[in-house]
Amino acid sequence: MKKLVKELKSLFFTFLAKRSSGNFNTSIRANGYTRLSKQTRVGNNVHFNGLIVYGKGECFIGSNFHSGYGCKIITSYHNHMGEAIPYDNTLIVKNVIIEDNVWLGINVIILGGVKIGEGAIIQAGSVVVNDIEPLGIAGGHPAKVFSCRDKEKYYSLKKERKFF
């Protein structure tokens, strides 16, 4: 019975994720509440365990992506340099690009204007404010690359198409 309830929840969350993004042609699986913006495009074999995309900017999420629960991507923010304090009614819009085979841990926040390179891993609780290099393993606030995946092993697994 537990397994059936879990599968029904996943089907419901997956439906909501696809519907919110307008991306019905990709293989998305959402095991937790996921809301994508209409400007969000995703690749294939994408697994969300709870992610929300906020803002007016474009968000591209590549194939074989996995996220923990509580993740957020913010693609626009208030203009604090405008005509009012603390901010005015204009928005600063910045796109986010997440390349293929990226894994976000629990409660990761990604701010606008960031590109996360192929195969990168972002540690739980991190806030990504700058680009992350391909195969980089990053963490902290602000997130910084502190290690890298084994390049030979990564490209060997990729060549063999061993995607989870």
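The structure we're discussing is the one just above.
From a predicted model like this one, the values you see are computed outputs, not experimental measurements.

Caption draft 1: Up close: the side chain of S10. When you line up the elements, S10 lands in helix α1 (residues 2-21). Residues in contact with S10, not counting those within four places in the same chain, are R29, A30 and N31.

Caption draft 2: Local environment of the sheet that holds strand β15 (residues 127-128). The four strands lie next to each other as β4-β7-β12-β15, forming an open sheet whose pairing is parallel. Each of the sheet's edge strands pairs with one partner strand only, and the pair in question is β4 (51-54) and β15. Two elements, strand β12 (residues 109-111) and β15, share two bridges in a ladder whose sense is parallel. Paired with I110 across the two strands is V128, which belongs to β15.

Caption draft 3: Region of the structure containing the sheet that holds strand β17 (residues 143-148). The mixed open sheet is built from seven strands, whose spatial order is β1-β3-β6-β11-β14-β16-β17. Of all the strands in the sheet, the pair left with one neighbour each is β1 (28-30) and β17. Bridge analysis of strand β14 (residues 121-122) against strand β16 (residues 136-140) gives two bridges, and the strand direction is parallel. What sits directly across from I122, in β16, is A138.

Caption draft 4: Fine view of the pattern of salt bridges. Per the counting criterion, the structure on display carries four salt bridges. For R29, the salt bridge goes to E7, with nearest N and O atoms at 3.0 Å. In this pair, R29 is assigned in strand β1 and E7 in helix α1, connecting sequence segments 22 residues apart. The class for E7 is partly exposed, based on a relative accessible area of 34%. With a shortest N-O distance of 3.2 Å, E160 and K162 are connected by a salt bridge. Classification of E160 by relative accessible area gives partly exposed; the value is 44%. Judged by relative accessible area, K162 falls into the exposed class, the value being 54%.

Caption draft 5: Highlighting the environment of I98. Residue position: I98 is located in strand β10 (residues 96-98). Judged by relative accessible area, I98 falls into the buried class, the value being 0%. Taking the C-alpha atoms as reference points, I98 and L135, separated by 37 residues in sequence, lie 12 Å from one another. Residue contacts for I98: discarding those within four places in its chain leaves F60, I61, G62, F65, I73, I110 and I116.

Caption draft 6: Local environment of unusual backbone geometry. Of note, the amide linkage connecting I85 to P86 takes the cis form, showing an omega dihedral of 5°. Tracing the sequence through the fold places P86 in the loop between β8 (76-78) and β9 (91-93). Residue H141 is joined to P142 through a cis peptide bond whose omega torsion reads 0°. The topology assignment puts P142 in the loop between β16 and β17. Located in the positive-phi region is N107, a residue other than glycine, with phi close to 60°. Along the chain, N107 falls in the loop between β11 (103-104) and β12. Residue N107 is classed as partly exposed on the basis of its relative accessible area of 39%.

Conventions adopted
Residues numbered from 1 in each chain as written. Predicted model: local features only at pLDDT ≥ 70, side-chain atom pairs only at ≥ 80, totals over all residues. Heavy atoms only, no water. Helix = DSSP H or I, 4+ residues; strand = E, 2+ residues; numbered from the N terminus. Contact = heavy atoms within 4.5 Å. Pairing = 2+ DSSP bridges. Salt bridge = Lys/Arg side-chain N within 4 Å of Asp/Glu carboxyl O. Buried < 20%, exposed > 50% of the residue type's maximum accessible area, 1.4 Å probe, protein only.

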